[in-house]
Amino acid sequence: MPGAGAAALAWALLAWALLALPPALPQPQPQPRGRRRMVDKEARFNTTYTDWVDADLLNIYAFNHSVRRNRTEGVRVSVNVLSDHKDLPVLFVVRQKEAVVSFQVPLILRGLYQRKYVYQEVSRTLCQPQTKAEVETQHFYVDVSTLSLNASYQLRVTHVENFVLRTNKRFSFNATAAQPQYFKYEFPEGVDSVIVKVTSAMAFPCSVISIQDILCPVYDLDNNVAFIGMYQTMTKKAAITVQKKDFPSNSFYVVVVVKTEDEACGGALPYYPLSKDASPDEPVDQHNRQKMLEVMVSPTITSEAYVGSVLFCLGIFLSFYVLTLFIACWESCRQQKRKGLLAAMDSPSLDTGHARSIPDSFLGRAPYDSYGYGSFGNGSSGSAEGITDSMGSAEVPYGYAGQEQFKRRTPSAPMRPLSVAMGERSLENVAGRPRLDSLSSVEEDDYDTLADIDYDKNVIRTKQYLCVADLARKDKRVLRKKYQIYFWNIATIAVFYALPVIQLVITYQTVVNVTGNQDICYYNFLCAHPLGNLSAFNNILSNLGYVLLGLLFLLIILQREINYNRALMRNDAHALECGIPKHFGLFYAMGTALMMEGLLSACYHVCPNYTNFQFDTSFMYMIAGLCMLKLYQKRHPDINASAYSAYACLALVIFFSVVGVVFGKGNTAFWIVFSVIHIVATLLLSTQLYYMGRWKLGKVGDTAVSAAGGWQRGGPPGVTSPLSADSGILRRILHVLYTDCVRQCSGPMYVDRMVLLVMGNIINWSLAAYGLIVRPNDFASYLLAIGICNLLLYFAFYIIMKLRSGERIKLIPLLCIIGTSVVWGFALFFFFQGLSTWQKTPAESREHNRDCILLDFFDDHDIWHFLSSIAMFGSFLVLLTLDDDLDCVQRDKIYVF
């Protein structure tokens, strides 16, 4: 069979070919590595084991200890690697019943900018699992391994003394970045809240205090301590309030970690030492960076203390309502008796048939007609001609310090008829006189659009001696609507301002509660009593006074306005033509601002920090500005600023406050710009006040206002050129200064105003220089100080001029002034205690924290809230009642200053 022979031949050839190939080379096989040896060692506590390990060796140390159900003992593992192999560390693994803890030595921790810090000695406290048995023996193992050829180390396991903290017992200990410490605390029966206080005599190194639930593992390193629980950085003081309801096991761990760097606590960032041959990634050995600390856990106040503190707060401020009601009833009875006696005095005498006389002292006012300053001796009517002619009607010259003082006219008799006692001229026909003859007969719009009336303004407002009648010529209804805008504007501002503020602070509080980061808010942690989700309820409660007293002030103003409107409806002569013109819009705005200050201050104290400090100060600026406007409005009702311009200026102040807080710290350019604006604004405002608004920078028919207050007429005054300001402004100003101050050296026509404005400029220029030189960090408080200083200066000037003008201060405003001054003094004392400051780091701010000083619930700042709200309320009452002595004095007898 030829087919079978061919197949056999093919197989024979294939076999020959395979046999003819050269033998294959043997493939190299990996040498079998020596099997890692495991050495089990029975180990004991409080014994130091010095041993070595390499890549082929695994040391296992077996420990056991008894655990009791009612007693917790801490176990601490301490290791020290003696070999210097940073690239081949030794790994330690601790295997427990419910947890595994592993760490390498040298331990490398990272700091800012990924800097590396190396530690050769490491100590860790082991997490203690719970047991249900009365006594249980628990085992744990420490495995030691490395990839190094040979690494020697020391191992020691010890019991932690005082692992469980005792109530009101201090305990001292040391900690480092690689040797953190933590302790356990168990709530006693009947204690629902405790405060953990940690102190140290040394500010640095910076450390972190953490409160964690009883869970394994415990996060006790710088790079993981913020993972769970509540925590805060610390220099010398730290305090965390812990509530029992937040920990189901009725116990928690107090963890203390030393940070690798001090930058988080306000310390300097250390230089990173680099040699020529060292790598930029080379770790730095921090050697002995340790801190001595002391911890104590104390119970906080009970729920009864919360109720008592709330009732105390309400009782203080509601007592003002009771006191106000009592004074109102007393004053009402006093007025009824006075009216009855006046009616009896005005009736004919049975003996003589003539009206009885009544002394001025009974009427509660000084005999203002006995002075010649600005008075109308001829008893003329309130027409414009009579007012203009009164410039020369004073029988006695008026002078300031250094000049002849007021001269009294001797009264013709000690007793006068009642109709004469009410004023120099009779008021019996005022109510029946036609409205066109009254001092307030012209509508404001018609008055301002006529050129001859505008000229009349220049004549009246630039008189040397002004009375209130000169500046109360506009229609009362128009002015009432004008000043009511103050209230409606601030009410609108309050709504739009408060709503986003409340939303923001609620978000802040939520973030604090969720993350546990207590460095977000700058509380006084030694006196921060939580309630619900609020971390510092006491700081919020103490603001209740602003709201309640602001509401009380609004009620007082409402009652006064009702009484005044009733008097107008009766055509009461005193209400129509006597006293300071009554405009209540600014008072309503002040009361609203006080209430909003309380609300926004409470919002700020929900989470006080750098980003929301303006919430606490915005309405302080408002209050200071409104008080100055009200004080000026008393004697200048016709020329006071409108609500729109006033609030625009206050908005500008708040804008500068925010810019200063954000960019002003150490910024020379900002301080230069602000100081220039401050000085220029002071000069412009001074000019406006000195000339009563009757001046212009532009060319007014070749008319210029001299520095002495007179007019140099070279053309028709009041006719303004098409260009309100031209290139000749500076030349004309210099010409006026030269002619009035150098060539003629004429003194100022308005001496009193000039003295006030000179003092105001000195104070404001000094404050501007202080800010430019010192550059204070707290720009918001600096700006508020400027407003308060100007307000106090104007108020002091007003009081002095009131007394100089022969007026007097009645009993109620006098008591308010004295009491308010005393309260302000105590309030400022507590304000400057400085329990916290967001100008520093949270850890540095906590160095200023102090314990509660009132009812174990309120701190110094809370007392500032109490006293400042009372002082502001008293200040408002002073402004309200200061000129009550003029209610029976005609307006052409009340002087303007």
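Computed from a predicted structure; not experimentally measured. (Residues numbered from 1 in each chain as written. Predicted model: local features only at pLDDT ≥ 70, side-chain atom pairs only at ≥ 80, totals over all residues. Heavy atoms only, no water.)

Quick look at helix 17 (residues 751-774) now. Note that an α-helix has 3.6 residues per turn; residues three or four places apart therefore point the same way. Look at helix 17: 34 Å from first C-alpha to last across 24 residues, which is about the 34 Å you get at 1.5 Å a residue. Turning to helix 17, its buried residues are Asp-752, Arg-753, Leu-756, Leu-757, Gly-760, Asn-761, Asn-764, Leu-767, Ala-768 and Gly-771. One or two steps after helix 17, the chain reaches Arg-775, where phi turns positive at roughly 55°. (Helix = DSSP H or I, 4+ residues; strand = E, 2+ residues; numbered from the N terminus. Expected span 1.5 Å × (residues − 1). Buried < 20%, exposed > 50% of the residue type's maximum accessible area, 1.4 Å probe, protein only.)

Turning our attention to the packing of aromatic side chains. Counting across every chain of the model gives 54 aromatic pairs. Taking 5.7 Å as the distance between ring centres and 50° as the angle between the ring planes, the aromatic pair formed by Tyr-49 and Tyr-61 counts as tilted. A residue pair is termed long-range when its members are at least 10 positions apart, and Tyr-49 in strand 2 (residues 48-53) and Tyr-61 in strand 3 (residues 57-68) qualify at 12 residues. Of the two residues examined, Tyr-49 and Tyr-61, each falls in the buried class. Summarising the aromatic geometry, the rings of Phe-670 and Trp-671 are spaced 5.9 Å apart at their centres and angled 80° between planes, so their arrangement reads as edge-to-face. Accessibility assignment for this pair places Phe-670 and Trp-671 in one class, buried. (Phe/Tyr/Trp six-rings, centres within 6.5 Å; stacked < 30°, edge-to-face > 60°.)

Okay, the sheet that holds strand 6 (residues 100-105) next. Read from one edge of the open sheet, five strands run 1-3-10-5-6, paired in mixed fashion. Every other strand in the sheet has two partners, leaving strand 1 (37-42) and strand 6 as the edge strands with one partner each. Across the sheet, the mean angle from the axis of one strand to that of its neighbour is 20°, orientation sign disregarded. Of the strand pairs in this sheet, strand 3 and strand 10 (residues 135-146) are connected by 10 bridges, and their pairing is antiparallel. Looking at the pairing, Phe-63 lines up with Phe-140 of strand 10. (Pairing = 2+ DSSP bridges. Axes fitted to C-alpha atoms, helices over the stretch in contact; angles between N-to-C directions.)

By the definition in use, this model includes 20 salt bridges. In this structure, Asp-220 and Arg-124 form a salt bridge, with 2.8 Å as the shortest nitrogen-oxygen distance. Here the residue Asp-220 occupies a position in the loop between strand 15 (207-212) and strand 16 (230-234), and Arg-124 occupies one in strand 9 (residues 121-126), the gap between them amounting to 96 residues. As far as burial versus exposure is concerned, Asp-220 and Arg-124 are alike and both buried. Residues Glu-294 and Arg-170 are paired through a salt bridge, measuring 3.0 Å at the closest nitrogen-oxygen approach. Remark: Arg-170 occurs in the loop between strand 11 (151-160) and strand 12 (171-176) and Glu-294 occurs in strand 20 (residues 290-299); sequence separation between them is 124 residues. The class of Glu-294 is partly exposed, set by a relative accessible area of 24%. The exposure class assigned to Arg-170 is exposed, which follows from its relative accessible area of 55%. (Salt bridge = Lys/Arg side-chain N within 4 Å of Asp/Glu carboxyl O.)

Attention shifts here to the environment of Arg-635. Checked against the element boundaries, Arg-635 lands in helix 13 (residues 614-635). Separated by 262 residues in sequence, Arg-635 and Phe-897 have C-alpha atoms that sit 7.2 Å apart. When neighbours within four sequence positions are excluded, Arg-635 is seen to be in contact with Val-468, Leu-471, Ile-580, Tyr-798, Lys-802, Glu-807, Asp-883, Leu-886, Ile-894, Tyr-895, Val-896 and Phe-897. At a separation of 2.8 Å, a polar atom in the side chain of Arg-635 contacts the side chain of Tyr-798. At a separation of 2.8 Å, a polar atom in the side chain of Arg-635 contacts the side chain of Glu-807. (Contact = heavy atoms within 4.5 Å. Polar contact = N/O pair within 3.5 Å; in protein donor to acceptor, adjacent residues only side chain to side chain.)

Contact geometry of helix 10 (residues 544-569) with helix 21 (residues 860-881) gives a least axis separation of 9 Å together with a crossing angle of 15°. In terms of their interaxial angle, helix 10 and helix 21 are classed as roughly parallel. When the axes of helix 10 and helix 21 are compared, the crossing they make is right-handed. Taking contact as the criterion, the partners of Gly-545, Tyr-546, Leu-549, Leu-552, Phe-553, Ile-556, Ile-557 and Arg-560 in helix 10 are, on helix 21, Trp-864, His-865, Ser-868, Ser-869, Ile-870, Met-872, Phe-873, Phe-876, Leu-877, Leu-880 and Thr-881. In the contact of helix 10 with helix 21, the residues fall into 13 nonpolar, five polar and one charged. (Parallel < 35°, antiparallel > 145°, perpendicular 65-115°, else oblique. Left-handed = near helix turned anticlockwise from the far one by under 90°. Nonpolar A, V, L, I, M, F, W, Y, C, P; charged D, E, K, R; others polar.)

For the rest of this paragraph, the subject is the side chain of Ser-193. Of note, Ser-193 is situated in strand 14 (residues 193-199). Owing to a relative accessible area of 13%, Ser-193 belongs among the buried residues under this scheme. Engagement of the side chain of Ser-193 in a polar contact is seen with the side chain of Thr-300, the distance being 2.9 Å.

In this section: the confidence of the model for the protein. The predicted model of the protein has a mean per-residue pLDDT of 76, with 74% of residues at 70 or higher. Throughout residues 355-451 the model reports pLDDT below 50, and contacts reaching past four residues in sequence, or to other chains, amount to 189 contacts. Of the regions scoring below 50 in pLDDT, residues 699-726 engages in 64 contacts with residues more than four places distant in sequence or in other chains. (pLDDT = per-residue confidence, 0-100.)

With that settled, consider unusual backbone geometry. Cis geometry marks the peptide bond from Phe-204 to Pro-205; its omega dihedral reads 10°. Secondary-structure assignment places Pro-205 in the loop between strand 14 and strand 15. Residues Cys-216 and Pro-217 are joined by a peptide bond in cis, for which omega reads 0°. Within the element layout of this structure, Pro-217 appears in the loop between strand 15 and strand 16. The phi angle at Asn-46 is positive, at roughly 60°, despite the residue not being glycine. Within the secondary structure layout, Asn-46 lies in the loop between strand 1 and strand 2.

Quick look at the nonpolar core now. One finds Tyr-486, Leu-626, Tyr-647 and Phe-674 to be the most contacted residues of the largest nonpolar core, which totals 112 residues. Sequence-distant contacts of Tyr-647, that is, excluding residues within four places in its chain, are made with Tyr-486, Asn-489, Ile-490, Ile-493, Ala-589, Met-622 and Leu-626. Grouped together as the second largest cluster of nonpolar side chains are 38 residues, Val-160, Ile-214, Val-242 and Val-257 included. (Core = buried A, V, L, I, M, F, W, Y, C linked by side-chain atoms within 4.5 Å.)

For the rest of this paragraph, the subject is the state of the cysteines. By definition, a disulfide is the covalent link that joins the sulfur atoms of two cysteine residues. Taken as a whole, this structure holds four disulfides when the rule is applied. Residue pairing for Cys-206: its cysteine sulfur links by disulfide to Cys-265, the two sulfurs lying 1.8 Å apart. The disulfide joining Cys-206 to Cys-265 has a torsion of about 50° about its S-S bond and is therefore right-handed. Of this pair, Cys-206 sits in the loop between strand 14 and strand 15 while Cys-265 sits in the loop between strand 18 (251-258) and strand 19 (284-285), and the two are 59 residues apart along the sequence. Residue Cys-265 is classed as buried on the basis of its relative accessible area of 0%. (Disulfide = S-S within 2.5 Å.)

Here the focus is the pairing of strand 20. With six bridges connecting them, strand 12 and strand 20 associate as antiparallel partners. Paired with Phe-173 across the bridge in strand 20 is Leu-293. In this sheet, strand 20 lies alongside strand 14 in antiparallel orientation, the contact comprising six bridges. Opposite Lys-197, over in strand 20, you have Met-296 as the bridge partner.

Empty space left among the atoms is revealed by rolling a probe the size of a water molecule over them. Inspection of every chain in the model, using the stated rule, returns five cavities of 30 Å³ or more. Approximately 60 Å³ is the volume found for the second largest cavity. Forming the boundary of the second largest cavity are His-65, Val-75, Gln-96, Lys-97, Leu-126, Gln-128, Pro-129, Gln-138, His-139 and Phe-140. Take the lining of the second largest cavity: its biggest share by element is three residues, from strand 10. Partitioned by chemical class, the residues of the lining of the second largest cavity number four nonpolar, five polar and one charged. (1 Å grid on protein atoms, 1.4 Å probe; cavity = no way out; pocket = protein on both sides within 12 Å on 5 of 7 lines; lining within 4 Å. Points joined across faces, edges and corners; volume = space filled by probe spheres on them.)

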